Amino acid sequence: MSILKVQKIHHTGSNLDVIDLADDGTCRANIINNLSNRNFIINGAMEIAARGATFNSVSHGQVITDRFKFEHGGAGTTDVYNITQKSNAAREIGFEHSLKVEVAAADSALASDHFAQIKYIIETNDIIKQTQYGLSNAKKLILSFYVKSSEVGTYPLAFNNGDGSRSNAYSYTINAQNTWERKTITINGDTGGNWQSQTGNGHGFGIRWGFAVGTGFIGTADGNWSATTNFGGLYGSYSNNFVSTQGATWELTGVQLEVDHTESGKPTDYEHLLLAQTIALCQRYYYRTADDGNTTNLIQTGVEGVSIATGGVPHPTRMRGIPTVTLGSGMRFWSPATSNITPTINANRSSSSNLALSINISGATAGSIGVLYRYQATGGYIEVDAEM
């Protein structure tokens, strides 16, 4: 039997160790594709669109595919966008869905404070403990995503901390029309700023894909983190005809943000999860009961008086915080003394673990039971929202 005794193994073209052997018989290996839960991004494959799949003339603050939010503002904005969750979108690169933006009304003269962007926010608790941001050993991150557009050119990209006091400006290039391209951005670790004082379930790390960005938000894309005020200098400079072209399209899928454990600057393969896993992760931030037109009892209640009923059920998963709750127009209340009453919310008593409501009703008997149910009509849903 032959024995090969070495301390380290690495490729002839690299100084990085592939295998590092210890004298106790153990070893450390840089194996890049077998790390589970490595993607900070939830729903990066755009599979879940719980609020709807199509938003025409989309408004500022609208979440499109779950966790991905559209933002738009500035003086004299005339650009308008239609955004959809597109199906059968990218099977040639291994994805079923994409987020698609279409310019419904163009704008060729942007004000300095103009912005139109897709934003993704990671919770503080999820990002700080793995990256050591704000410390001398802050780790590099790798952002990878698939993008295609009808308009070639450079596009603005930005990263920021939770309160916007630190930012890192980037840009990326789309080289070919209507062709899926995978982009890879290596993000230097930030050794400064107030990252370590940020705690809890609030805004921790922001990623922004810009479409139309005014000069007031343009900075130097040098890969370095810097202090910023009111998001000035947030984005890198860019040059394309997207926002000035009626009918132009831009699509995004396969978004992954991971720690660069190997310090190679190379992304791992996209981490596909089971659909049930992605649904559960999304429901930490938002869920809506099915609105399928079938009569279904949703919450059993107790009647406190002739005009108030209370009840609750557990959330499908623990939510990020205390959610806001909205009753759709198709919700109804029943009790032995009443039927088909249209309820309104008297008080939201929900926690991060349970959906609990006090609702306004009429004609019920104190001490009796009741049911909040989905009526056979459009709008028969309960919407529960803890999104950032």
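Now for a quick tour of the structure. (Residues numbered from 1 in each chain as written. Predicted model: local features only at pLDDT ≥ 70, side-chain atom pairs only at ≥ 80, totals over all residues. Heavy atoms only, no water.)

### A look at the pattern of salt bridges
Our working definition: Counted as salt bridges are all cases of a side-chain nitrogen of Lys or Arg within 4 Å of a carboxyl oxygen of Asp or Glu. Buried means the residue's accessible area, taken with a 1.4 Å probe over protein chains only, is under 20% of the maximum for its type, while exposed means over 50%, and partly exposed covers the values in between.
If you walk through the whole model with that rule in mind, you get 12 salt bridges. Where Arg288 meets Asp291, a salt bridge forms, and the shortest distance between an N and an O atom there is 4.0 Å. On the accessibility criterion, Asp291 (31% relative accessible area) is partly exposed. When salt bridges that share partners are traced, they join Glu71, Lys119 and Arg208 into one network.

### Quick notes on the packing of aromatic side chains
For the record, the criterion: Here a Phe, Tyr or Trp ring, Trp counted by its six-membered ring, pairs with any other such ring whose centre lies within 6.5 Å, and the pair is stacked when the planes are under 30 degrees apart, edge-to-face when over 60, and tilted otherwise. Each ring is checked for a lysine NZ or an arginine CZ that lies within 6 Å of its centre and within 35 degrees of its normal; such an atom marks a charge sitting over the ring.
According to the stated counting rule, one finds 21 aromatic pairs in the structure shown. It is Arg51 that lies over the ring of Tyr286; its NZ or CZ is 3.7 Å from the centre. One Lys or Arg, Arg67, reaches over the ring of Tyr285 and ends 3.8 Å from the middle of that ring.

### A closer look at the sheet that holds strand 20 (residues 324-327)
Sheet strands pair by backbone hydrogen bonding; their relative direction is either parallel or antiparallel. How we decide: Strands are labelled as partners when DSSP assigns at least two bridges between them. Counting from the N terminus, the helices are DSSP H or I runs at least four residues long and the strands are E runs at least two residues long. Lines fitted to the C-alpha atoms define the axes, with helices restricted to the stretch that makes contact. Angles between their N-to-C directions range from 0 to 180 degrees.
Taken together, the three strands give an open sheet; going across it, the order is 17-26-20, and neighbouring strands pair in antiparallel fashion. Each edge of the open sheet carries a strand with a single partner, namely strand 17 (286-288) and strand 20. With strand direction ignored, the average angle separating the axes of adjacent strands in the sheet is 10 degrees. When strand 17 meets strand 26 (residues 382-385), the two strands line up antiparallel, connected through three bridges. Among the inter-strand pairings, Tyr286 is bridged to a residue of strand 26, identified as Asp385.

### Section: empty space enclosed by the protein
What counts is decided by this rule: For cavity detection a 1 Å grid was placed over the protein atoms alone, and a set of points counts as a cavity when a 1.4 Å probe fits there but cannot get out; an open set counts as a pocket when protein lies on both sides within 12 Å along at least five of seven lines, with lining residues being those that have an atom within 4 Å of a point. Grid points are joined across faces, edges and corners, and a volume is the space filled by probe spheres set on the points. The residue classification treats Ala, Val, Leu, Ile, Met, Phe, Trp, Tyr, Cys and Pro as nonpolar and Asp, Glu, Lys and Arg as charged. All others, Gly included, are polar.
For the structure shown, the criterion picks out one cavity of 30 Å³ or more. Lining the largest cavity, in full, are Arg67, Lys69, Lys119, Tyr120, Ile121, Glu387 and Met388. At three residues, the largest contribution of residues to the lining of the largest cavity is made by strand 8 (residues 115-123). Classifying every residue of the lining of the largest cavity gives three nonpolar, no polar and four charged.

### Focus: the side chain of Ser98
Definition in use: Side-chain atoms alone can form a polar contact between residues adjacent in sequence; in general such a contact is a pair of N or O atoms within 3.5 Å, and within protein one must be able to donate a hydrogen while the other accepts it. The contact rule is simple, with two residues in contact once any of their heavy atoms fall within 4.5 Å.
Locating Ser98 in the fold gives a position in strand 7 (residues 95-105). Residue Ser98 is classed as buried on the basis of its relative accessible area, which comes to 0%. Of note is the side chain of Ser98, whose polar atom sits 2.7 Å from the side chain of Glu251. When neighbours within four sequence positions are excluded, Ser98 is seen to be in contact with Met46, Thr84, Gln85, Lys86, Ala89, Trp180, Glu251, Leu252 and Thr253.

### So, the sheet that holds strand 21 (residues 331-335)
Judged by pairing direction, the sheet is antiparallel, and its seven strands sit side by side in the order 22-21-25-18-19-24-23 without closing on themselves. A single partner strand is all that each edge strand has here, and the edge strands are strand 22 (338-341) and strand 23 (344-348). Each strand of the sheet is rotated relative to its neighbour by a mean of 30 degrees, with strand direction disregarded. Looking at chain direction, strand 19 (residues 308-314) and strand 24 (residues 354-360) are connected through seven bridges and run antiparallel. The residue bridging Val313 from the neighbouring strand is Leu355, located in strand 24.

### A word on the nonpolar core
This is how it is decided: Here, nonpolar core means buried Ala, Val, Leu, Ile, Met, Phe, Trp, Tyr and Cys residues that are tied together by side-chain atoms lying within 4.5 Å of each other.
Formed by 54 residues in total, the largest nonpolar core has its most connected members in Tyr81, Leu143, Phe205, Trp209, Trp250 and Leu257. Excluding anything up to four places from it in sequence, Phe205 contacts Tyr120, Ile121, Ile122, Ile127, Tyr133, Leu141, Phe159, Asn160, Ile187, Trp195, Trp225 and Leu257.

### Notes on the layout of surface pockets
When its volume is computed, the largest pocket comes out at roughly 530 Å³. Looking at the largest pocket, it is lined by 26 residues, and the ones nearest its centre are Asn37, Asn39, Phe40, Ile42 and Leu281. Mapped by element, the contributors of at least two residues to the lining of the largest pocket are strand 8, helix 1 (124-131) and helix 2 (275-282). The greatest single-element share of the lining of the largest pocket, amounting to four residues, is contributed by helix 2. For the lining of the largest pocket, a count of residues per class yields 10 nonpolar, nine polar and seven charged.

### Quick word on the environment of Lys119
You can see Lys119 is positioned in strand 8. For Lys119, a relative accessible area of 10% corresponds to the buried category. C-alpha separation for the pair Lys119 and Asp260, spaced 141 residues apart in sequence, amounts to 22 Å. Apart from residues no more than four positions distant in its own chain, Lys119 is found in contact with Arg67, Phe68, Lys69, Glu71, Ile207 and Arg208.

### Some points on unusual backbone geometry
The backbone phi angle of Met46 is positive, close to 60 degrees, even though this residue is not glycine. If you trace the backbone, Met46 turns up in the loop between strand 3 (27-29) and strand 4 (54-55). On the basis of relative accessible area, Met46 is assigned to the buried category, the value being 0%. Positive phi, close to 65 degrees, is recorded for Phe231, a residue that is not glycine. Structurally, Phe231 is set in the loop between strand 14 (226-227) and strand 15 (239-240). The class of Phe231 is partly exposed, set by a relative accessible area of 27%.

### Some remarks on helix 1
How we decide: It is the directions from the helix axis to the C-beta atoms whose arc is reported.
Along helix 1, the positions that sit buried rather than exposed are Thr124, Ile127, Ile128 and Thr131. Along the axis of helix 1, the buried positions cluster into a sector of 90 degrees, meaning they face one direction only. Lining the buried residues of helix 1 we find strand 8, strand 9 (141-149), strand 13 (203-213) and strand 16 (249-259). Following helix 1 by one or two positions, Gln132 has its phi on the positive side, about 55 degrees.

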